[in-house]
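Overview (structure and organization)
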Amino acid sequence: MRFIISFLLLPFFALTACAQGTSGVNIPAGQTFVLGEYRTDGYRATLRNEGSQAVTAMIVDQQSGKAVSTVDLPVGDRKSLTIADGQEVHLKNEGDQKALVKVKSPVKGSQGMRYIDPASNGKSNRVFIPRPAPATAPTSATTTEADDATGETSASVTLLPGQALIIGENSSMNYSVTIRNAGAQIDVAGRDKKTGKQMQGFGLGKMGRETVNVRPNEDLYLINTSEKPTKVKVKMDKPVRGVRVGK
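Residues numbered from 1 in each chain as written. Predicted model: local features only at pLDDT ≥ 70, side-chain atom pairs only at ≥ 80, totals over all residues. Heavy atoms only, no water.

The helix and strand inventory of the protein chain stands at zero helices and 18 strands. For the protein chain, the residues scored as buried account for 49% of the 247 residues in total. Long-range pairs, those at least 24 residues apart, make up 80% of the contacts in the protein chain with a sequence separation of at least 6. (Helix = DSSP H or I, 4+ residues; strand = E, 2+ residues; numbered from the N terminus. Buried < 20%, exposed > 50% of the residue type's maximum accessible area, 1.4 Å probe, protein only. Contact = heavy atoms within 4.5 Å.)

In structure tokens:
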């Protein structure tokens, strides 16, 4: 059944009023993207299918894991959803090609943005993305507030198409990274240090700003997937060892 959601269990005035941010979400064939699994406040989200593959959007109860509502999102279509307290959004790509959805919502990276493998029922497996090979050229990251002996607290780089800023390869702790991007969209991915599997991730627009919490077993990758250069600035809340540009 296809329908547009205007209101759910809670009235609109009960939802939290937050600044909206826009992210581009690439969903591989057969995969599902989960938005807001750690967010507890209700909000509004606008979805726009800008790819060539239809997507199904589901509002899911966080406790039971059951779908409360389901919405079809055909190619070129735009839908507005109201997500109540204790709910999250699943964007499901059941096709055989990659999907691209622009998501406008107040959900931040620390509140949950990740892919799930259908075979795992959303509990364990993640999408595998190969780690970029180490760069042969010297890093263009510049330290502005750090002591090389203890790590770096900030960096400013210009990423060419296909390049990635990799953060935290020599660190094993919890820390947060505030990202400012200007020029072209980038992919933000937290990857397992041992396997390279993506644990969290989302797209950040060409004038985007986001804060991501990185766990001890993760490296953070900021990847320029566009066809033009983009300038990325990052600031960590504590000194982090291992900041470089790779291809």
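Moving on from the model shown.
One key point about sheets: their strands pair by backbone hydrogen bonds, in either a parallel or an antiparallel sense. In space, the five strands of this open sheet follow the order β14-β13-β16-β11-β18, with antiparallel pairing throughout. Across the chains shown, the open sheet's two edge strands, defined by having one partner strand only, are β14 (198-204) and β18 (243-246). Strand-to-strand, the axes of this sheet are offset by a mean angle of 20°, without reference to chain direction. Alignment of strand β11 (residues 164-167) against strand β16 (residues 218-224), held across four bridges, turns out to be antiparallel. Within β16, the residue paired with Ile166 across the bridge is Tyr221. (Pairing = 2+ DSSP bridges. Axes fitted to C-alpha atoms, helices over the stretch in contact; angles between N-to-C directions.)

Attention now moves to the sheet that holds strand β7 (residues 87-92). With respect to topology, five strands assemble into an open sheet ordered β5-β4-β7-β2-β9, the strand pairing being antiparallel. Edge positions in the sheet fall to β5 (67-73) and β9 (113-116), since each has one partner strand and no second. If you compare each strand with its neighbour and ignore which way they point, the axes differ by 20° on average. Two elements, strand β4 (residues 55-61) and β7, share six bridges in a ladder whose sense is antiparallel. Paired with Ala57 across the bridge in β7 is Leu91.

Enumeration over the complete set of coordinates arrives at seven salt bridges. Linking Lys92 and Glu94 is a salt bridge whose minimum nitrogen-to-oxygen distance equals 3.6 Å. What makes Lys92 partly exposed here is its relative accessible area of 29%. Judged by relative accessible area, which is 58%, Glu94 ranks as exposed. Across the salt bridge formed by Arg244 and Glu169, the nearest N and O atoms sit 2.7 Å from each other. Note that Arg244 is positioned in strand β18 and Glu169 in the loop between β11 and β12 (175-182), a separation of 75 residues in sequence. The exposure class of Arg244 is buried, given its relative accessible area of 19%. On the basis of relative accessibility, which here comes to 28%, the residue Glu169 falls in the partly exposed class. Connected through salt bridges with shared partners, the residues Arg48, Glu50 and Lys102 form a single ionic network. (Salt bridge = Lys/Arg side-chain N within 4 Å of Asp/Glu carboxyl O.)

Here the focus is the side chain of Asn93. With respect to the helices and strands, Asn93 occurs in the loop between β7 and β8 (99-105). Judged by its relative accessible area of 1%, Asn93 is buried. A distance of 2.9 Å separates the side chain of Asn93 from the backbone oxygen of Gln97, its partner in a polar contact. Dropping the residues within four chain positions of it, Asn93 is found in contact with Ile27, Pro28, Ala29, Gly30, Gln31, Gln53, Ala54, Lys98 and Ala99. (Polar contact = N/O pair within 3.5 Å; in protein donor to acceptor, adjacent residues only side chain to side chain.)

Moving on, we get to a positive patch on the surface. A surface patch of like charges, here positive, comprises Lys108, Arg180, Arg209, Lys231 and Lys233. Mapped onto the fold, Arg180 is located in strand β12. (Patch = residues over 30% accessible without salt bridge, like charges linked within 9 Å, V, L, I, M, F, W, Y side chains within 5 Å. Areas by Shrake-Rupley, 256 points an atom, 1.4 Å probe, with all protein chains shown as cover. Lys, Arg positive; Asp, Glu negative; His and termini not counted. Charge placed at Lys NZ, Arg CZ, Asp CG, Glu CD.)

Here the protein chain averages 78 in pLDDT, while 77% of its residues score no lower than 70. Across the protein chain, the secondary-structure element scoring lowest on mean pLDDT is β9, at 75, and the one scoring highest is β11, at 94. Here residues 1-19 is modelled with pLDDT under 50, and outside its nearest four sequence neighbours on either side it reaches 42 contacts, counting other chains as well. Every residue in residues 122-149 is under pLDDT 50, and counting partners more than four places away or in other chains gives 68 contacts. (pLDDT = per-residue confidence, 0-100.)

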